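Fold and contact review
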Amino acid sequence: MTYSSGRIIHDADSHVMETREWLEPFIEEAVRGALKPLYGRERSRIDDLLDGAKARKSDAAAMEKAFENPIAGPKGWVAAGAFDPDERRRVLDLFGFSSQLVFATSSLRPALSAKSVDGLYAGARAHNLAMAAFCGTDPRLLGVAYVPLDDAARAIEETEVALAAGAGAIWVSAGAAGDKSPGHPDFDPIWARLQAAGKPFVLHIGPGTQTQPKPFQNNGRERAPDLHGGGENLRFADYVMLAYAPQIFLTAMVYDGVFDRFPELKGGVIEAGAGWAPEFLRELDLGFKSFGRTDPYLKAMSLKPSDYIRRAVKFTPFPGEDVGRMIKDGGADLFMFSSDYPHPEGTNDPLGRFERTMGEIDEDAKDRFYRRNFEEMMGLKVLAPA
């Protein structure tokens with residue numbers, strides 16, 4: 001019996017745990033000097049974890065243990081299928097997921113830390129081609145390419161390269177598009193291309209995410225460790241802000257008319273929580289009602305703001321959120337399942353955690369959560385509920 005227990009499930013969020021050399025074959029020589037090494041120049045704990053995970057290939061007992069129950073087993077770089085595509089296929093067999101979006105963990109760091117636009121786009125290109133190589137061995141693996149919107153002309157070029165390489169979705173920053181709104185007409189060729197290709201844009205924790213402003217961290221106390229005991233990831237005050245950047249981005253896409261101009265465009269908000277989404281839709285409509293009498297752009301809208309979002313965008317809750325309550329509050333058409341595998345935030349039983357909140361939810365709504373909403377976002381053929 002698979003982890004999915006026979007139910008058709010698509011996983012809207014998983015990750016690759018990149019090896020030190022993961023990007024190397026895909027970095028153009030002309031710009032290699034503009035990109036920092038993925039994990040720095042010195043050996044670190046990540047190298048120790050990777051060495052141990054690679055060594056188990058020659059140890060039958062270790063391999064058997066790694067695949068005993070991957071969803072509840074070790075996570076991160078030592079998880080089964082963390083960086084080896086052959087292992088990931090085996091993991092998918094055990095999970096029984098029909099498909100899985102695959103995001104970066106660390107491989108955007110060289111791009112995002114580059115000091116030039118050339119470095120930014122070279123790093124994105126290397127990541128996108130590396131992701132295509134990882135996912136190209138199994139049609140269930142849907143690689144997520146990253147396209148910086150800092151330069152519109154280069155962004156459409158990178159979108160074309162990513163789609164040609166087989167990207168399943170295009171990740172854009174939840175922040176501003178350089179010095180412009182993502183709804184600026186300069187970016188219409190990108191939204192048009194995604195609409196024509198039937199591929200969604202996705203926002204994900206990382207680029208553009210808003211965290212606690214630094215002055216608020218000056219509270220007279222020693223800074224607490226992050227969720228994993230270190231210093232690089234989110235803390236409590238950051239977590240409660242995860243919804244801010246997606247709300248700003250989606251408000252711009254509605255107000256600037258992108259969803260009017262491209263009615264078939266789809267998008268997803270991944271790993272930013274989802275309990276806020278129903279209230280966000282209500283706030284959009286309240287603003288529309290309050291300002292629509294005088295604002296010409298609101299007057300020109302063919303739909304209410306919430307209707308654009310419902311038509312175009314899906315959201316992934318965290319396993320700790322009450323999905324049953326959210327479906328009752330916001331409707332069954334907004335939310336999707338995700339495992340976050342092999343990140344530990346996905347917990348040792350995301351399916352069980354979601355199920356425990358959905359005792360009063362009917363099978364049609366559950367099928368939307370596990371399957372049909374993802375299929376709609378991804379432009380896959382949507383079958384009638386079983």
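Heads up: these notes are all about the structure in this document. None of the values given here were measured: they were computed from a predicted structure.

Cut-offs applied
- Residues numbered from 1 in each chain as written.
- Predicted model: local features only at pLDDT ≥ 70, side-chain atom pairs only at ≥ 80, totals over all residues.
- Heavy atoms only, no water.
- Helix = DSSP H or I, 4+ residues; strand = E, 2+ residues; numbered from the N terminus.
- Buried < 20%, exposed > 50% of the residue type's maximum accessible area, 1.4 Å probe, protein only.
- Contact = heavy atoms within 4.5 Å.
- Expected span 1.5 Å × (residues − 1).
- Arc of directions from axis to C-beta.
- Axes fitted to C-alpha atoms, helices over the stretch in contact; angles between N-to-C directions.
- Parallel < 35°, antiparallel > 145°, perpendicular 65-115°, else oblique.
- Left-handed = near helix turned anticlockwise from the far one by under 90°.
- Nonpolar A, V, L, I, M, F, W, Y, C, P; charged D, E, K, R; others polar.
- Phe/Tyr/Trp six-rings, centres within 6.5 Å; stacked < 30°, edge-to-face > 60°.
- Lys NZ or Arg CZ within 6 Å of the ring centre and 35° of its normal.
- Core = buried A, V, L, I, M, F, W, Y, C linked by side-chain atoms within 4.5 Å.

Next up on the list: the environment of A174. Along the polypeptide, A174 turns up in the loop between β4 (169-171) and α7 (188-197). With a relative accessible area of 7%, A174 lands in the buried category. Sequence spacing of A174 and G206 is 32 residues, and the spatial spacing of their C-alpha atoms is 8.4 Å. Setting aside its immediate chain neighbours within four residues, A174 contacts L203, P207, G208, A245, P246 and F249.

With that settled, consider helix α12 (residues 277-291). An ideal rise of 1.5 Å per residue puts 21 Å on 15 residues; α12 measures up with 21 Å between its terminal C-alpha atoms. Of the positions making up α12, those classed as buried are A277, P278, F280, L281, L284 and D285. Looking straight down α12, one finds its buried side chains confined to an arc of 165 degrees; they lie on one side. For α12, the exposed residues set more than 90 degrees away from the buried face come down to K289 and F291. Looking at the buried residues of α12, the elements they touch are α10 (244-255), α14 (305-312), β7 (313-315) and α15 (323-330).

Relative to each other, helix α5 (residues 117-135) and helix α6 (residues 152-164) sit at 15 degrees, their axes nearing to 10 Å. As summarised for this structure, α5 and α6 are arranged roughly parallel, according to the angle between their axes. Remark: the crossing between α5 and α6 carries right-handed chirality. Between α5, through V117, D118, Y121, R125, N128 and L129, and α6, the contact on the second element is made entirely by R154, A155, E157, E158, V161 and A162. Of the residues contributing to the contact of α5 with α6, the split by class is six nonpolar, one polar and five charged.

Summed over all chains, the structure comprises 20 aromatic pairs. An angle of 75 degrees between the planes, with centres 5.4 Å apart, marks the rings of F103 and W171 as edge-to-face. Here F103, found in strand β2 (residues 99-103), pairs with W171, found in strand β4; they are 68 residues apart in sequence, far enough to count as distant. An identical accessibility class is assigned to F103 and W171; each is buried. An aromatic cluster of three or more residues is present, and its members are Y3, F95, F97, F337, Y341, F354, F369 and Y370. A cation sits over an aromatic face here: R90 above F67, 3.9 Å from the ring centre.

Formed by 97 residues in total, the largest nonpolar core has its most connected members in W191, F201, F259 and F315. A per-element tally of this core places α5 first, with eight residues. If sequence neighbours within four positions are ignored, F201 has contacts with I170, W191, L194, F249, L250, M253, F259, L265, K266, G267 and G268. Membership of the second largest hydrophobic core comes to 17 residues, among which are F103, L142, V144 and M377.

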